[in-house]
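So the chains spell out like this:
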Amino acid sequence: MGSVFEELIRRFAEQSNETAGEHFTPREVIRLMVNLLFIEDDDALRKPGIVRTLFDPACGTGGMLSVAEEYLRELNPDARLEVFGQELNDESYAICKADMMIKGQNPENIKRGNSFSEDGHSGGRFDYMLSNPPFGVEWKKVEKAVRDEAEGQGFSGRFGQASPGSTTAPSSFSSTCCPR
């Protein structure tokens, strides 16, 4: 379902004036990202019965979650990847949730909303995080919520390291995405 939706987005994106961040990531790029994400852990991921968690805070239709799960299954058929995501767009959210259900994932792990202002996985800890954030989309609507969380929670929260648009740290979600 996600692949069909992504193909429709790709075909019609050129004909519309969509926001820069509202696009899909080609599967080839996702595969490269997943390879880079897991490459250091290949040995650990080959252990029988290994279970890992992955979070995508801007999951769209779930393409990155699906490709990561496929990668791990190919590497180790006995491994399990539990996926978690959050998506702002209603249509993408619904497709992702349905796709995860079809693939045997827990659809309750996919939350709706803006992950900057509404932490759908508050307190969650994940082994990996993979995301293609909505580049080019203004975050000013949620700036107050992000800054309030950063000031109120510091390094215990998601934005203690840095805020979106900041150049002081590579990840705005560093506290949420810490290895167990």
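Residues numbered from 1 in each chain as written. Predicted model: local features only at pLDDT ≥ 70, side-chain atom pairs only at ≥ 80, totals over all residues. Heavy atoms only, no water.

A. The arrangement of helix H4 (residues 63–75) in detail. Between its first and last C-alpha, H4 extends 18 Å over 13 residues, near the 18 Å set by a 1.5 Å rise per residue. Among the 13 residues of H4, ten are classified as buried, and the element is accordingly described as predominantly covered. Here H4 has its buried residues at Gly 63, Met 64, Leu 65, Ser 66, Val 67, Ala 68, Glu 69, Tyr 71, Leu 72 and Leu 75. (Helix = DSSP H or I, 4+ residues; strand = E, 2+ residues; numbered from the N terminus. Expected span 1.5 Å × (residues − 1). Buried < 20%, exposed > 50% of the residue type's maximum accessible area, 1.4 Å probe, protein only.)

B. Focus on the sheet that holds strand S2 (residues 80–87). Strand order across the open sheet formed by four strands is S3-S2-S1-S4, with parallel pairing between neighbours. Looking at strand neighbours, the two that pair on one side only are strand S3 (110–112) and strand S4 (128–129), the edges of this open sheet. Seen against the sheet, helix H5 (residues 90–102) touches S2 and S3 and runs at an angle of roughly 160° to S3. (Pairing = 2+ DSSP bridges. Contact = heavy atoms within 4.5 Å. Axes fitted to C-alpha atoms, helices over the stretch in contact; angles between N-to-C directions.)

C. Focus on the pairing of strand S1 (residues 51–56). Pairing of S1 with S2 involves six bridges; the strand directions are parallel. Of the residues in S2, the one forming a bridge with Arg 52 is Leu 81. Where S1 meets S4, two bridges bridge the pair, whose relative direction is parallel. The partner of Phe 55 across the bridge, within S4, is Met 129.

D. Summary view of the environment of Leu 130. Looking at the secondary structure, you find Leu 130 in the loop between S4 and helix H6 (143–153). Between the C-alpha atom of Leu 130 and that of Gly 85, which follows or precedes it by 45 residues, the distance is 9.8 Å. Here Leu 130 is in contact with Met 33, Val 34, Leu 37, Leu 54, Phe 55, Asp 56, Pro 57 and Met 64, once residues within four sequence places are set aside.

E. Inspection of the packing of helix H2 (residues 27–38) against H4 at higher detail. Contact geometry of H2 with H4 gives a least axis separation of 9 Å together with a crossing angle of 55°. With respect to H4, the element H2 is oriented oblique. By crossing handedness, the relation of H2 to H4 is classed as right-handed. For the pair H2 and H4, the contacting residues are Arg 27, Ile 30, Arg 31, Met 33, Val 34, Asn 35 and Phe 38 in the first and Gly 63, Met 64, Ser 66, Val 67, Ala 68 and Tyr 71 in the second. (Parallel < 35°, antiparallel > 145°, perpendicular 65-115°, else oblique. Left-handed = near helix turned anticlockwise from the far one by under 90°.)

F. Main features of the pairing of S2. Of all the eight residues making up S2, six are buried; the element is thus mostly covered by neighbouring parts of the structure. One crossover worth recording links S1 to the parallel S2 by way of H4, and it is right-handed. Following the chain from S2 across H5 to the adjacent parallel S3, one finds a crossover that is right-handed. (Right-handed = clockwise from strand over helix to strand, strands pointing away.)

G. Fine view of the packing of aromatic side chains. This model, assessed by the stated rule, comprises four aromatic pairs. Plain terms: the ring middles of Phe 55 and Phe 126 are 4.8 Å apart, the flat faces sit at 15° to each other, and that makes the pair stacked. You can see Phe 55 sitting in strand S1 and its partner Phe 126 sitting in the loop between S3 and S4, a full 71 residues away along the chain. For Phe 55, a relative accessible area of 2% puts it in the buried group. Given a relative accessible area of 2%, Phe 126 falls into the buried group. The structure contains a cluster of three or more aromatic residues connected by ring pairs, namely Phe 38, Tyr 71 and Tyr 128. (Phe/Tyr/Trp six-rings, centres within 6.5 Å; stacked < 30°, edge-to-face > 60°.)

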